[in-house]
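Listed below are the residues making up each chain.
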Amino acid sequence: MISRTRVAVPFFFIAAAFCVIVVRLFIVQLWHHEEIAGRVAVAIRRDRPETTSRGKILDRLGRTLTESVKSYVPFIDPSKVKDLPAVIVAFRRFSITVPLDIIVRNPRSLFVPLDGEIDAAAMQSLKSLELGGIGFTESFRRQYPEGRLGCHVLGVVGRDGSGLEGVEFTANSYLSGEKIRLLSYRDGRGREITDKLVDVDQLSGANVTLSIDRNLQFIAEQEVDKAWKDARAKNAMVIIQDPLTGEILALACRPDYNPADFDASRAALRNPAVSDMLEPGSTFKLVTLSAALEKKVVSRTDMIWCENGVYTVKNHPIRDHEKKGLISVNEVMNVSSNIGTAKIGMKLGKDQLYQYIRQFGFTAKTGIDLPGEAKGILQDPGQWSGLSVPIISFGQEVAVTAVQVINAYSSIANGGLLLEPKVVKEIRTVQGRLLSNTGKRIIRRTVTPAVAAAMKEMLIDVVEKGTGQLAKVAGYSVGGKTGTAQKRDPRTNMYSTTNYVASFCGIIPARDPKLTIFVLLDEPQGDYYAASRAAPVFSRVASRAVRYLQIPPDQGNGS
Amino acid sequence: MTYKYLVWLVMAALVVVFYVWEQTQSVRLGYVVDTQRRECERWEQSNKELRVKINCLISLDRLDRVAKDKQLINPPQDRVIYLHD
């Protein structure tokens, strides 16, 4: 039989021990709860900001133009490095130099960042060496699989991951991923468990689909590069627009830059197609002639006396490249007569000329979704001199952007509607939810469909019989206008006799336009005429573009 | 009477042991989930990097450069057949 005392004594001690534990638990868990919980939280909780990936930029067919991939920036904790020479050798394999001077100067430092970024595979291979004292901070690096292609449209991203230029800037709020904080707990061995399972990829920035077609962009890049080098021009650009929707299909400028490493070429970051203004010269005659036809000031068959090449207005001689006498309005456009256009402009009058310049979208931003767009310059009619009407009529004393010019030509191509040019087609989340869809947006009607059709015929004549003959494309009807504009010399404030801008803006197929193409060469050396410099570039770009887009030929001799 | 107390004590101990075991398993599972998540992230990242590499390798600019290096010449426009995706 078990004695009650023999049972009671150990039972008493066990009960007493339990009581001590309970009291201790009471003190720890309740009495000093806040203080101890705070100390524990500091020791085990890790609350850190998590960078989510920036969205992709895709071309109109979903081909990647830029995307972000994770990269790792290594750092060294000198106090934990076991074998410094081995660490130096390991990093040298990835072209990363270990700053020995900093380590020697600060031996107690716990964090010495290294200058360089590596990918996940390189990071794993370094980790597997188990050298000790090596760590990595994560970041995202923008990758451009197509290199410089479309750099002026894509733009660049700064070190802080925000867009600085191009679509990267305008769509920055969509492209930037959500800023989140990840809470995790560490155990005694430093292992982590995240508090809540968050799929960071689901929070990454939205994908932006552009209206740009990668292949058309490549064609434009190749041709603008060749033209820029051949002409030894200061700048050059080729823009392709869909005149029916206003979408920009390609926009290539020279000089260009590498968006992944733009520090060395900051001057080229500016997008000349939207930011640079220049006097358009004869391409502007489209506005004067359209206004004159619309207001029935002249008809295409009316005859204009072109003064045999020199016409003096307010003691200022206006000259024609080709000396002409009595020619029709149609021929005025064909031979690009400044005198004929000046006389038509004077018939039209100051107010109506000004009204139509505005109607075609000049002097106002087109609304293109690229940053830094200029409005253009045109003085208020109240400040115009007696010479203004005639010379503005053929594109002097007015400054416009390349996008304004192509947009005005597209309005003639589509039957008289001025559309808002666009480079962003749509924006979708990673899960595919549509956030924004930029459809066709009509700004206003510029001219009636009948006048637009008449203007198209005149533009076709320019290419068939006039100054734009080198713009022809076999098998296709082409309409367009050349423009050889003298540049203003900033030193003398007079028109330069050495610096010119050669441009050509055309539509193809002209009778059922599918593409508007603008070519510009700023300060071409040697031959500076648009007819021989810009028109052939149009021809090359257009012939490749129509074949790529499988636009059927509309003239008999097509191949 | 004492036997009854002992039974209760053992049962209480079993409940406590079960609770501790369940908590330990939960923490262990947390580690497994986190490890798998990191592994998954790594594979996804690796997949993304490989896709970027593919895009770089088939980029038009690179193909053009390779063609030039191999001294290939541009064909006449009427001999070009455009392939669509």
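Below is a short write-up of the structure. (Residues numbered from 1 in each chain as written. Chains lettered and ligands numbered in written order. Predicted model: local features only at pLDDT ≥ 70, side-chain atom pairs only at ≥ 80, totals over all residues. Heavy atoms only, no water.)

1. Let's talk about the overall build of chain B
- Tallying secondary structure elements over chain B gives two helices and zero strands in all.
- Whereas a compact globule of 85 residues would reach a radius of gyration of roughly 12 Å, chain B reaches 33 Å, over 25% beyond that.
- If you line up chain B on its principal axes, its C-alpha atoms span 105 × 25 × 10 Å.
- Within the span of chain B, comprising 85 residues, buried residues form 15% of the whole.
- In chain B, 13 positive and 11 negative side-chain charges are present, and the distance between their average locations comes to 5 Å. (Helix = DSSP H or I, 4+ residues; strand = E, 2+ residues; numbered from the N terminus. Rg over C-alpha atoms; globule rule 2.2 N^0.38 Å. Buried < 20%, exposed > 50% of the residue type's maximum accessible area, 1.4 Å probe, protein only. Lys, Arg positive; Asp, Glu negative; His and termini not counted. Charge placed at Lys NZ, Arg CZ, Asp CG, Glu CD.)

2. Overview of the nonpolar core
All names here are of chain A.
- Residues V167, L210, I239, F360, F362 and M455 are the most contacted members of the largest nonpolar core, which totals 82 residues.
- Filtering out sequence-adjacent residues up to four positions away, F362 remains in contact with F284, V287, I357, K375, V400, Q404, V405 and A408.
- Core analysis: the second largest hydrophobic core is formed by 37 residues, A233, A252, V478 and L521 among them. (Core = buried A, V, L, I, M, F, W, Y, C linked by side-chain atoms within 4.5 Å. Contact = heavy atoms within 4.5 Å.)

3. Observations regarding the pattern of salt bridges
All names here are of chain A.
- For the coordinates displayed, the defined rule picks out 38 salt bridges over all chains.
- Of the charged contacts in the structure, one is a salt bridge between E247 and R60, with a shortest N-O distance of 3.0 Å. Highlighted residues: E247 in the loop between strand 9 (235–241) and strand 10 (248–254) and R60 in the loop between strand 2 (57–58) and strand 3 (64–76), separated in sequence by 187 residues.
- Look at E247 and you get buried, because its relative accessible area is 10%.
- With a relative accessible area of 25%, R60 lands in the partly exposed category.
- For D461, the salt bridge is made with K465, and the minimal N-O distance between the two is 3.8 Å. Residue D461 and its partner K465 are located together in helix 17 (residues 449–465), separated by four residues, close to a single helical turn.
- Taking relative accessible area as the criterion, D461 reaches 11% and is therefore assigned buried. (Salt bridge = Lys/Arg side-chain N within 4 Å of Asp/Glu carboxyl O.)

4. Overview of the pairing of strand 19 (residues 479–489) of chain A
- Among the eleven residues that make up strand 19 of chain A, eight are buried, leaving the element largely enclosed by the rest of the structure.
- Taking the residues that link successive antiparallel strands as the turn, the strand 19 of chain A-strand 20 (residues 494–508) of chain A hairpin has four residues, and the phi of N493 of chain A there is positive, at about 55°. (Pairing = 2+ DSSP bridges.)

5. As for helix 17 of chain A
Residues and elements named next belong to chain A.
- Between its terminal C-alpha atoms helix 17 stretches 24 Å, which fits the 24 Å expected from 17 residues at 1.5 Å a residue.
- Taken together, the buried positions of helix 17 are V451, A452, A454, M455, K456, M458, L459, I460, D461, V462 and V463.
- Tucked inside the fold, the buried residues of helix 17 contact helix 11 (285–294), helix 12 (329–334), helix 16 (402–413), strand 19 and strand 20. (Expected span 1.5 Å × (residues − 1).)

6. So, the packing of helix 11 of chain A against helix 14 (residues 350–359) of chain A
All names here are of chain A.
- As a packed pair, helix 11 and helix 14 sit with axes 9 Å apart at the nearest point and diverge in direction by 115°. For helix 11 against helix 14, the interelement crossing comes out right-handed. For the pair formed by helix 11 and helix 14, the contact residues are V287, T288, A291 and E294 on the first element and L353, Y356 and I357 on the second.
- In terms of residue class, the contact of helix 11 with helix 14 is made up of five nonpolar, one polar and one charged. (Axes fitted to C-alpha atoms, helices over the stretch in contact; angles between N-to-C directions. Left-handed = near helix turned anticlockwise from the far one by under 90°. Nonpolar A, V, L, I, M, F, W, Y, C, P; charged D, E, K, R; others polar.)

7. Describing the interface of chain B and chain A
- Between chain B and chain A, the contact holds 28 residues from the first and 34 residues from the second.
- Buried surface at the junction of chain B and chain A, both sides included, amounts to about 2900 Å², of which 54% is carbon and sulfur.
- It is Y31, L60 and Y82 of chain B that lose the most area in chain B upon contact with chain A, and together they represent 22% of the buried surface on that side.
- The tally of links from chain B across to chain A stands at zero salt bridges. (Buried area = accessible area lost by both parts, 1.4 Å probe.)

8. Here's the deal with a nonpolar patch on the surface
- The grouping of Y3, V7, W8 and M11 of chain B at the surface amounts to a nonpolar patch, some 490 Å² of accessible area in total.
- Among the structural elements, V7 of chain B can be located in helix 1 (residues 2–57). (Patch = residues over 30% accessible without salt bridge, like charges linked within 9 Å, V, L, I, M, F, W, Y side chains within 5 Å. Areas by Shrake-Rupley, 256 points an atom, 1.4 Å probe, with all protein chains shown as cover.)

9. Here's the deal with the sheet that holds strand 1 (residues 45–50) of chain A
Residues and elements named next belong to chain A.
- On the basis of which strands lie adjacent, the open sheet formed by three strands has the order 1-6-7 and antiparallel pairing. In the strand order of this sheet, the two ends are held by strand 1 and strand 7 (192–194), each with one partner. On average, each strand axis in the sheet is tilted by 35° relative to the strand beside it, whichever way the strands run.
- As paired strands, strand 1 and strand 6 (residues 180–186) are joined by six bridges and run antiparallel to one another. Residue pairing in the sheet places D47 in a bridge with L183 of strand 6.
- Across the face of the sheet, helix 2 (residues 33–44) comes into contact with strand 1 and strand 6 while running at roughly 50° to strand 1.

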